[in-house]
Amino acid sequence: MSSTPWKDIVTTDAVVIGSGPNGLVAANLLVDAGWSVVVLEEQNRPGGAVWSDDAVAPGHIHDTFSSFYPLAAVSPTIRGLHLERHGLEWVQAPAVVGHAFPEGRWGMLHRDRAATAAALDDHAPGDGDAWLALCDTWDRVGGDVVQMLLSPFPPLRGGAGMARRVLRPGGLELVREMVMPARTLVERTFNGDAARMLVAGNAAHADIGLEAPGSAAMGLLLAMIGQSVGFPVPRGGAGVLSQALVRRLVARGGEVCLGEKAVGVCVEGGRAVAVRTASRELRVRRAVLADVSAPALYADLVGWGELPSRLRHRMGRFEWDPSTVKVDWALAGPVPWTGSPDKAPGTVHVADSLDELSLNGAQVSAGLVPDRPFLLVGQMGAADASRVPAGGEAIWAYTHVPQRVRGDAAGGHDGTPEIRGVWDDADIEVMAERMEARIETRAPGFRDLVIARRVLGPRQLEALDRNLVGGALNGGTAGLHQQLIFRPVAGSGRPETPIKRLYLASASAHPGGGVHGACGANAARAALWHNKIRAPWRNS
Ligand SMILES: Cc1cc2nc3c(=O)[nH]c(=O)nc-3n(C[C@H](O)[C@H](O)[C@H](O)COP(=O)(O)OP(=O)(O)OC[C@H]3O[C@@H](n4cnc5c(N)ncnc54)[C@H](O)[C@@H]3O)c2cc1C
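Described in the following lines is the structure provided in the data block. (Residues numbered from 1 in each chain as written. Predicted model: local features only at pLDDT ≥ 70, side-chain atom pairs only at ≥ 80, totals over all residues. Heavy atoms only, no water.)

**Some details on the pattern of salt bridges**
Here comes step 1: Evaluation of the coordinates by the stated rule reveals 34 salt bridges.
Here comes step 2: The salt bridge partner of Arg454 is Asp53, with a shortest N-O separation of 3.0 Å. Here the residue Arg454 occupies a position in strand β19 (residues 450-456), and Asp53 occupies one in strand β3 (residues 52-57), the gap between them amounting to 401 residues. Judged on exposure class, the residue Arg454 and its partner Asp53 are both buried.
Here comes step 3: Here Asp352 makes a salt bridge to Arg372, at a shortest N to O gap of 2.5 Å. Residue Asp352 is found in the loop between β14 (345-350) and α14 (354-365), and its partner Arg372 is found in the loop between β15 (368-369) and β16 (375-379); the two are separated by 20 residues along the sequence.
Here comes step 4: On the basis of relative accessibility, which here comes to 21%, the residue Asp352 falls in the partly exposed class.
Here comes step 5: On the basis of relative accessible area, Arg372 is assigned to the partly exposed category, the value being 39%. (Salt bridge = Lys/Arg side-chain N within 4 Å of Asp/Glu carboxyl O. Helix = DSSP H or I, 4+ residues; strand = E, 2+ residues; numbered from the N terminus. Buried < 20%, exposed > 50% of the residue type's maximum accessible area, 1.4 Å probe, protein only.)

As C-alpha cells, this is what we get:
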C-alpha cells in the first residue's frame, strides 16, 4: 500500500493497532524500552474483550466479555508490569470453581488443595490422592510449563533451556498428559465424576473436543493454576485491568487514541512504514504491532499484493473457533443453587455428565445448536461484592454455538421456536431462554430474582470488538493443528510476519486466546530484538 499525502501526518517509533490486553501489554513493554508509542483503538473505550459496564442494571457491574484471569495472574509479563501501582487489585470468590451436577451435587475446586482433595474423596475414595499427586507434579514443573507455553515457539534463547527443564522426568509425563484427549486423561486418573468434570469442564473452555488430542491441556492448565493461584478478578470490574494498563502506559509517555480505526498498513520495499486511519497517517520509525485477528491483518490491513502467495493459500485454511452467546443477569439475590456449596464458587460449570459434555462439543462441531448447552457461569458478586448492591448478584453465562449453523438440536422439541442460526434478536432470545432454563433446573427460583437481562450474540460481540469474528473468542481454533508453529498458519508460531517491522500481536498468534498478554509481549520483544534492543526473553 503506497502512502499518499494526508491531512495530518505524525511520526512515532511504533504504532499498536488495537487496545486489547495484548495490544496494551505490547505498548507498555515498548514504552519501557524508551520508544514513543501510539495505540489506535476503534472503539470509544480501551481494553478489547477486557471491559465492564453497568448497562444491565444500575449498581450491577457486569464484565462485558471476559471475567476470570488465572492466566494473567501467572503471566510473568503482566505481573512484571506491577499494575497494582496503577489501580488494579485482585480479589477472589470464596471457592474457585464449582461443577453443578443435577440433584444438587457439586464438584468443588477450593483454594486449599487439601479441601479440594477431601471433597473429591467424598465423591470417590482415592480421587483426593490422585488430585494431590497432580498438584505435586505441578508444583515441580508447572511454572516452567506456563513459561514455555507463553514464550514464542519454537523457543529460542532462554526458551530452549526452559523446554529442557520441562522435559525432565515428571515434566515429561505432565506434557504427555496435556497432549492427551481430556476424556482419556480424566477417566484414567480419577474414579468419580466430580474430579473428572472439574478437569473436563475446564478443558471445555477451549474448543477442542474431549476425545481429541490436546484437549487435556486446557483442563489441566486451568485446574492446576486454579488450585495454585485461584481464578482472580479485578476489584470493580474487568475494565479496571484495562484501565490500569492504560494508566501505566500513559504515565510513561504512551498515547491511546480511542475511536480511531486503523484502515491500512503502508508497506514500502517490503517494510511497514506507516498506519493509516480515516483522517491521518502515522509514520513509524521502528514497528507496527497489530492486535487484530490474523484474517483482518492479512488482506484487510495489508493487501494480498504485498504478501507472499503461499500465505494467502494458508490463510484460506485458517479456522475460527466457535461462536458464543453470552447472557448477563442482574439479580435481586444470590443464585438459589440446589445444594448450594458453603463456599460460593466464582465460576460454575453446568453439564450433567462427561457424555453430555462430549455430545455438546460434537453438536457444535456438526453445526447444531446444542439442545442442552454446556454453561460457563460467572458469579461476580460472589467474587467481588463491590460490583453489586448489598444482597444482589451480577451473573453471566456463556455457551458455544456453531459458526455455521446447520440446524437446532432442540428442533423445537423444548417448546421454544427453532433457532435458525442467523443470530437476530429472535434467535438470541430463544438461546437465552434455553440457557436460563438450564440454570433454573439447577437453581429453582432463579428466574424470580432476575431484575434485568442482556443477551450478547455473535453479532453483538463482534460489533463491540471486531476481533471477536462471528462471536469467536479465541482468535482462531485452539485445535493442535492451529497451535504452536501452526498459529495462525503453518510455519508461524512467532510474531514476525512476511512484512519487515510488522508483527502479529493478537490472540490469533501463539499462544492464542486468554488474558495473559503473551501474544503482545512476544510481538513487542520481537520488535525490540529486530531493533537490536535485548529485551528479556524469559518474560521476566
Ligand atoms: C465472552 C468472552 C469471555 C471470555 N472469558 C475469558 C476469561 O474469563 N478469561 C480469559 O483469560 N479470557 C477470556 N476470554 C478471552 C480473552 O478475552 C481474549 O482472548 C483476549 O481479550 C484477547 O486479547 P487481544 O488483545 O488479542 O484482543 P481483544 O481483546 O479482542 O482486543 C482487540 C482490540 O483491537 C481493536 N481493533 C481491532 N481492529 C482494529 C482496527 N483496525 N483499528 C483499531 N482497533 C482495532 C478492537 O476494537 C479491540 O479493542 C473471553 C472472551 C470473550 C469474548
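Text resumes after the structure shown.
**Comments concerning the site of the ligand**
Here comes step 1: Lining the immediate surroundings of the ligand are 33 residues, of which Asn22, Glu41, Phe68, Asp465 and Gly514 lie closest.
Here comes step 2: Contact between the ligand and Gly48: an oxygen atom at 3.3 Å from a main-chain N or O atom of the residue.
Here comes step 3: Asp465 places a side-chain nitrogen or oxygen 2.5 Å from an oxygen atom of the ligand.
Here comes step 4: Compared with its free state, where it exposes 1000 Å², the ligand has 95% of that area covered by protein.
Here comes step 5: Listing elements by their share of the shell around the ligand, those giving two or more residues are α1 (21-32) and β2 (37-41).
Here comes step 6: Considering only residue class, the shell around the ligand consists of 13 nonpolar, 12 polar and 8 charged. (Near = heavy atom within 4 Å. Polar contact = N/O pair within 3.5 Å; in protein donor to acceptor, adjacent residues only side chain to side chain. Areas by Shrake-Rupley, 256 points an atom, 1.4 Å probe, with all protein chains shown as cover. Nonpolar A, V, L, I, M, F, W, Y, C, P; charged D, E, K, R; others polar.)

**Things to note about the pairing of strand β13 (residues 323-331)**
Here comes step 1: Here β13 lies mainly inside the structure; 9 of its 9 residues are buried.
Here comes step 2: Of the two faces of β13, the one carrying Ser323, Val325, Val327, Trp329 and Leu331 and the one carrying Thr324, Lys326, Asp328 and Ala330 are both buried.
Here comes step 3: In this sheet, strand β17 (residues 393-401) lies alongside β13 in antiparallel orientation, the contact comprising 9 bridges. Within β17, the position partnered with Val325 by the bridge is Thr399.
Here comes step 4: Relative to β19, β13 is paired through 6 bridges, and the arrangement is antiparallel. Bridge pairing in β19 links Asp328 to Arg454. (Pairing = 2+ DSSP bridges.)

**Some thoughts on helix α8 (residues 182-189)**
Here comes step 1: Within α8, burial applies to Ala182, Arg183, Leu185 and Val186. Down the axis of α8, the smallest arc covering the buried residues is 165°, so these residues share one side.
Here comes step 2: Along its buried surface, α8 packs onto α7 (171-178), α9 (193-203), α10 (215-229) and α14. (Arc of directions from axis to C-beta. Contact = heavy atoms within 4.5 Å.)

**As for the packing of aromatic side chains**
Here comes step 1: Under the counting rule described, the total for this entry stands at 8 aromatic pairs.
Here comes step 2: On the basis of an interplanar angle of 50° and a centroid distance of 6.3 Å, the ring pair of Phe68 and Phe231 is categorised as tilted. With Phe68 in the loop between β4 (60-63) and α2 (70-74) and Phe231 in the loop between α10 and β8 (233-234), the pair connects residues that are 163 residues apart, well separated along the chain.
Here comes step 3: A relative accessible area of 14% places Phe68 in the buried class.
Here comes step 4: Arranged with centres 6.2 Å apart and planes meeting at 35°, the rings of Trp131 and Phe190 form a pair that is tilted. (Phe/Tyr/Trp six-rings, centres within 6.5 Å; stacked < 30°, edge-to-face > 60°.)

**Here's the deal with the packing of α1 against helix α11 (residues 239-251)**
Here comes step 1: In the contact formed by α1 and α11, the axes pass within 9 Å of each other and the chain directions differ by 20°. In terms of axis orientation, α1 runs roughly parallel to α11. Our pair here, α1 against α11, has a crossing hand that is left-handed. Contacts between α1 and α11 pair Leu24, Val25, Ala27, Asn28, Val31 and Asp32 from the former with Ser242, Leu245, Val246, Arg248 and Leu249 from the latter.
Here comes step 2: Across the contact of α1 with α11, the residue classes break down as 7 nonpolar, 2 polar and 2 charged. (Axes fitted to C-alpha atoms, helices over the stretch in contact; angles between N-to-C directions. Parallel < 35°, antiparallel > 145°, perpendicular 65-115°, else oblique. Left-handed = near helix turned anticlockwise from the far one by under 90°.)

**Here we look at the environment of Asp465**
Here comes step 1: Structurally, the position occupied by Asp465 is in the loop between α17 (458-464) and β20 (502-504).
Here comes step 2: C-alpha separation for the pair Asp465 and Val377, spaced 88 residues apart in sequence, amounts to 21 Å.
Here comes step 3: For Asp465, the contacting residues outside a window of four places in its chain are Gln43, Gly48 and Ala49.

**Remarks on the environment of Pro444**
Here comes step 1: Examined against the element boundaries, Pro444 turns out to sit in the loop between α16 (425-442) and β19.
Here comes step 2: Taking the C-alpha atoms as reference, Pro444 lies 6.7 Å from Pro336; in sequence the two are 108 residues apart.
Here comes step 3: Not counting the four nearest positions on each side in its chain, Pro444 is found in contact with Pro336 and Thr338.

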